Amino acid sequence: AKMTDRYRVYTKVKKLLKQMLKLDNQGQVVTLAMMISGIVLSRKAQLSAMSSEIPSEIKEKSIEMRMRRWVKDEIDVEAIYMPFARQILAALAHLPLVLVMDGSQAGRGCMVLMVGVLYQKRALPIAWLVYKGTSCTTRWSLDRAQSQADPQACTQPSRWPQPANPRPHGCS
């Protein structure tokens, strides 16, 4: 029964992704379906735990390596992530939106600055930026952003500024 449940979750996720995402590379859809199914079924975000839940004849290690390549590769955020972000925002539009900002270390001297919508004690990311730096740099950036905030400028939604290189050298 467990294999049947896994298969049902995976095939439903893959079908929904194919409908939602307009990607030329169907391998990306399959990998994303594997990752989402793995997180849902294992309730963990570790690649090894996720890969152990995928209903496939492929070896778990091969699935884990496929997921690892996905995480390391640059993705088309507009094509892959924005459809989800739009759905999240549309579903929460009837509630007061609370935005949170967080700076987290992302290994090898890199930081992630994330803005998310708070929902049920979780931050659902809607924008992020990876850059070379430390937590001190992030604290300075947050302080600077707060001191320069202009509430009048926030009446229209705007896109997160895209850096010339979204993943600086040495940040993976």
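That block above? That's the structure.
Quick look at the structure, then. (Residues numbered from 1 in each chain as written. Predicted model: local features only at pLDDT ≥ 70, side-chain atom pairs only at ≥ 80, totals over all residues. Heavy atoms only, no water.)

## Describing unusual backbone geometry
Argument step 1. Despite not being glycine, Arg 43 has its phi angle at roughly 60°, a positive value.
Argument step 2. Within the fold, Arg 43 resides in the loop between α2 (26-42) and α3 (47-51).
Argument step 3. Residue Lys 121 is not a glycine yet carries a positive backbone phi of 65°.
Argument step 4. For Lys 121, the position within the fold is in the loop between β2 (110-119) and β3 (122-132).
Argument step 5. A relative accessible area of 83% means that Lys 121 is categorised as exposed. (Helix = DSSP H or I, 4+ residues; strand = E, 2+ residues; numbered from the N terminus. Buried < 20%, exposed > 50% of the residue type's maximum accessible area, 1.4 Å probe, protein only.)

## Quick word on the sheet that holds β2
Argument step 1. The three strands lie next to each other as β1-β2-β3, forming an open sheet whose pairing is antiparallel. Here the strands that pair on one side only, and so sit at the sheet edges, are β1 (99-105) and β3. Across this sheet, the average inter-strand angle for adjacent strands is 20°, counted without regard to direction. (Pairing = 2+ DSSP bridges. Axes fitted to C-alpha atoms, helices over the stretch in contact; angles between N-to-C directions.)

## Thoughts on a nonpolar patch on the surface
Argument step 1. A cluster of nonpolar residues, Ile 75, Val 77 and Trp 128, forms a patch on the protein surface that exposes about 210 Å² of accessible area.
Argument step 2. Take Ile 75: it is sitting in the loop between α4 (60-72) and α5 (77-80).
Argument step 3. Judged by relative accessible area, which is 32%, Ile 75 ranks as partly exposed. (Patch = residues over 30% accessible without salt bridge, like charges linked within 9 Å, V, L, I, M, F, W, Y side chains within 5 Å. Areas by Shrake-Rupley, 256 points an atom, 1.4 Å probe, with all protein chains shown as cover. Salt bridge = Lys/Arg side-chain N within 4 Å of Asp/Glu carboxyl O.)

## Thoughts on the environment of Met 35
Argument step 1. Position of Met 35 relative to the elements: it lies in helix α2.
Argument step 2. C-alpha separation for the pair Met 35 and Met 50, spaced 15 residues apart in sequence, amounts to 6.6 Å.
Argument step 3. If near-sequence neighbours (up to four positions away) are discounted, Met 35 is found in contact with Leu 47, Met 50, Met 67, Trp 70 and Val 71. (Contact = heavy atoms within 4.5 Å.)

## What about the environment of Arg 108?
Argument step 1. By secondary structure assignment, the location of Arg 108 is in the loop between β1 and β2.
Argument step 2. When the C-alpha positions of Arg 108 and Gly 133 are compared, they lie 9.3 Å apart, and in sequence the two are 25 residues distant.

## So, the pairing of β3
Argument step 1. Pairing geometry for β2 and β3, over ten bridges, is antiparallel. In the strand pairing of β3, Met 114 is matched with Trp 128.
Argument step 2. Counted between consecutive antiparallel strands, the loop separating β2 from β3 contains two residues, among which Gln 120 sits at a positive phi close to 50°.

## What about the nonpolar core?
Argument step 1. Within the largest apolar cluster, 19 residues are counted, with the highest numbers of intra-cluster contacts made by Leu 17, Leu 23, Leu 32, Met 34, Met 35, Met 67 and Ile 80.
Argument step 2. At the level of secondary structure, the elements contributing two or more residues to this core comprise α1 (2-20), α2, α3, α4 and α5.
Argument step 3. The dominant element in this core, judged by the number of residues it contributes, is α2, at six residues.
Argument step 4. Setting aside residues up to four positions removed in sequence, Met 67 forms contacts with Thr 31, Met 34, Met 35, Leu 47, Met 50, Ser 51 and Ile 54. (Core = buried A, V, L, I, M, F, W, Y, C linked by side-chain atoms within 4.5 Å.)

## Brief notes about the pairing of β1
Regular strands show a simple pattern: their side chains alternate between the two faces of the sheet.
Argument step 1. In the sheet, β1 pairs with β2 via seven bridges, with the strands oriented antiparallel. What sits directly across from Met 101, in β2, is Val 115.
Argument step 2. Hairpin remark: β1 followed by β2, antiparallel, with four residues in the connecting loop; positive phi at Gly 107, about 80°.

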